[in-house]
Amino acid sequence: MPVGLTRDAGWEIGVSKTLPLPVATVWDFLMSAEGLALWLGPGAVLPAEGDPALRGFRPRDRVRLSYGDTVLQATVSPASDGRAVLGFHQEHLASAEERERQRAHWKSVMAEIVRALVP
């Protein structure tokens, strides 16, 4: 099976980065208007609880939501040294080509978040 293709989730991509900040700082930024604009687009808001687009939400851990025809998950987890690991995972992509486009997109999003958070 080609890299990035799974039986259950189809084509998928994941990017992650360890940041020199605590989980709470990264999570709070990710959920702020500025943070949401960086990863979901300008003016974005998370779907309300009960909205079928919101597939899962655990504060200071993860949010999973419908993202067009795909499923997107953002996670913030603790590294062993107290730093935060920020991750984006997108599944049910249409093709290998879309996977590569989304890989570039999420790497760019990650770089913008790092620039906003890390002096």
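Residues numbered from 1 in each chain as written. Predicted model: local features only at pLDDT ≥ 70, side-chain atom pairs only at ≥ 80, totals over all residues. Heavy atoms only, no water.

Enquirer: How would you summarise the packing of aromatic side chains if you had to cite specific residues and measurements?
Expert: Evaluated as defined, the whole model comprises four aromatic pairs. Where W27 meets F57, the ring centres are 5.8 Å apart and the plane angle is 55°; that geometry is what we call tilted. With a gap of 30 residues between them, W27 in helix α1 (residues 23-31) and F57 in strand β3 (residues 54-58) connect regions that are remote in the sequence. Classification of W27 as buried rests on a relative accessible area of 4%. Here W39 and F88 contribute two aromatic rings whose centre-to-centre distance is 5.7 Å and whose plane-to-plane angle is 45°, an arrangement assigned as tilted. Of the two residues, W39 is situated in helix α2 (residues 33-40) and F88 in strand β6 (residues 84-93); the sequence distance between them amounts to 49 residues. Note on F88: relative accessible area 2%, which makes it buried. By way of ring pairs, the aromatic residues W39, Y67, F88 and W106 are connected into one cluster. (Phe/Tyr/Trp six-rings, centres within 6.5 Å; stacked < 30°, edge-to-face > 60°. Helix = DSSP H or I, 4+ residues; strand = E, 2+ residues; numbered from the N terminus. Buried < 20%, exposed > 50% of the residue type's maximum accessible area, 1.4 Å probe, protein only.)

Enquirer: I'd like a description of the side chain of Q102, backed by residues and values.
Expert: In this fold, Q102 is placed in helix α3 (residues 96-117). One polar contact links Q102 to Q90, side chain to side chain, over a distance of 2.7 Å. Discounting chain neighbours no more than four positions away, the residues touching Q102 are I13, Y67, Q90 and L93. (Polar contact = N/O pair within 3.5 Å; in protein donor to acceptor, adjacent residues only side chain to side chain. Contact = heavy atoms within 4.5 Å.)

Enquirer: Describe the sheet that holds β6, with residues and values.
Expert: Backbone hydrogen bonds are what pair the strands of a sheet, in a parallel or an antiparallel way. The antiparallel open sheet is built from six strands, whose spatial order is β1-β2-β6-β5-β4-β3. Across the chains shown, the open sheet's two edge strands, defined by having one partner strand only, are β1 (5-6) and β3. Where strand β2 (residues 10-19) and β6 come together, nine bridges link them in antiparallel fashion. Within the sheet, the bridge partner assigned to T18 lies in β6 and is V85. Across the sheet, α1 is in contact with β2, β3, β4 (62-67), β5 (70-78) and β6; its angle to β5 comes to roughly 150°. (Pairing = 2+ DSSP bridges. Axes fitted to C-alpha atoms, helices over the stretch in contact; angles between N-to-C directions.)

All we've got here are geometric facts, nothing functional implied.
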